[in-house]
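Each chain, written out:
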Amino acid sequence: MIRITRAAAAAVLVCSLALPAGVATAAVPDRPTTGAPAQAAQAEQAATLPAPTGPYAVGSAVLPLVDRSRTDPWVPTADGRALMVTLHYPAARPGGGRPAPYATGEEARLLAEQLGPGVSGDVLARTRTHSRTGVGPAPGRHPLVLLSPGFSVSRWTLTHLAEDLASRGYVVASVDHAYESYGISLPGGRTLTCVACTALEGGVHGSVVTSTRAADVRYVLDRLTGPKPVRRYADMIDPRRVGMAGHSIGGASAASAMVADPRIDAGINMDGAFWEDLPAEDLRGRPFLMLGTHDGMHLPGGQDASWDRTWTALDGWKRWITVAGSEHFTFSDGPVIQRHFGLPQPELPADRAVAVTRTYVAAFFDQHLRGLPRPVLDGPTPANPEVHFQHR
């Protein structure tokens, strides 16, 4: 998978983008290797995301939003700040509607170009999901979880997690932030590309991303739970129980959004450097989970010193958990995509990457949004030997 460069220089993370070494050459070997025909045939078929584990069927809807009260920081001439939101929610019953698409063809094509010649955008776009459009929500009001993706990738790279949370009884709003992805399709056929990628490569600080995403999330919350919400979806959301999780810079944005908006009750950063220092006691005791790689980057005293600083500033329930054998995109759909297209994979198998991410994210929100004790958050367990608790 594409990843934000994670090497640190003078304790400052560089936010340039690069393919992991060997992705392109691994996708198209110089000579035939054992199993290559079978692998090539698999890469022509659509992948299927892992099935959700909760008791509910999953519904899905796309909500285009434009906040015209703000100027877009990347394209000031744009007509407001455009956001694309996918809602996954517990459905009233299985079946009905239509299978929800994974990504648009153009979105998938633009990401596939970055993954190497062995990845087909058409095949990637046809990845099979487990949610359906046009289906009614399950009765009652459900906690809301906001998801923010990594820099340069889109909201659909967190689909397996979104579907799993929805199957467990959460409404999940996955947010695409304008001009911060290789491709975001808007209604009418227009596609926004990553203007912010060029800006950050030119020296713009990553805090511009996290502060902008905090404002994006505030607007999404207003539209889902505020005084004049999008009524079709507001009735299934309990506005008193809101959490946020994000991958990479989306995880850092979860902390920034909590500082800016007291409506967010709990947050998770999945392997992202914090680009803004957390003011002391500014989360006002709200819980926060740091979930990352078990390596020189995100172990205590690691290259990403922002985790040590943020840990000290967290003033409520908190955990610092690392996962052995993981890499940066372990906490997204990355493992499923890497395995399907024969891209280099980390030591942690894809099925375990999916299971660990789902287990700890769901346990955190169950405990802090629903008040359900989850002992898996108390310390190491035999069922999850890859998971290490650095602080509790």
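Reading the values: rules and limits
- Residues numbered from 1 in each chain as written.
- Predicted model: local features only at pLDDT ≥ 70, side-chain atom pairs only at ≥ 80, totals over all residues.
- Heavy atoms only, no water.
- Helix = DSSP H or I, 4+ residues; strand = E, 2+ residues; numbered from the N terminus.
- Buried < 20%, exposed > 50% of the residue type's maximum accessible area, 1.4 Å probe, protein only.
- Phe/Tyr/Trp six-rings, centres within 6.5 Å; stacked < 30°, edge-to-face > 60°.
- Lys NZ or Arg CZ within 6 Å of the ring centre and 35° of its normal.

By the naming in an unreviewed UniProt entry, the protein goes by Alpha/beta hydrolase family protein and is assigned to Streptomyces litmocidini.

Regarding unusual backbone geometry
A negative phi angle characterises most non-glycine residues, just as the trans form characterises most peptide bonds. Phi is positive for Ser248, which is not a glycine, with a value near 60 degrees. For Ser248, the position within the fold is in the loop between β13 (237-247) and α9 (249-260). Judged by relative accessible area, which is 5%, Ser248 ranks as buried. Phi is positive for Arg284, which is not a glycine, with a value near 50 degrees. Here Arg284 is to be found in the loop between β14 (266-270) and β15 (288-293). Residue Arg284 is classed as partly exposed on the basis of its relative accessible area, which comes to 48%.

With respect to the packing of aromatic side chains
Counted under the stated rule, the structure contains eight aromatic pairs. The interplanar angle of 55 degrees and the centroid separation of 5.7 Å between the aromatic rings of Trp317 and Phe364 together place this pair among those described as tilted. One end of the pair, Trp317, is in the loop between α10 (305-313) and β16 (318-323); the other, Phe364, is in helix α12 (residues 350-369), and 47 residues separate them in sequence. The class for Trp317 is partly exposed, based on a relative accessible area of 21%. Pairwise contacts between aromatic rings join Phe274, Phe288, Trp307, Trp311 and Trp320 into one cluster. Geometry around Trp311 places Lys318 over its ring, the cationic atom sitting 4.4 Å from the centre. Stacked on the ring of Tyr170, the Lys or Arg Arg370 has its end atom at 4.2 Å from the ring centre.

Here's the deal with helix α5 (residues 159-167)
Of all nine residues in α5, nine are buried, a share of seventy percent or more. Considered for burial, the residues of α5 that qualify are Thr159, His160, Leu161, Ala162, Glu163, Asp164, Leu165, Ala166 and Ser167. Looking at the residues trailing α5, positive phi occurs at Gly169, about 105 degrees.

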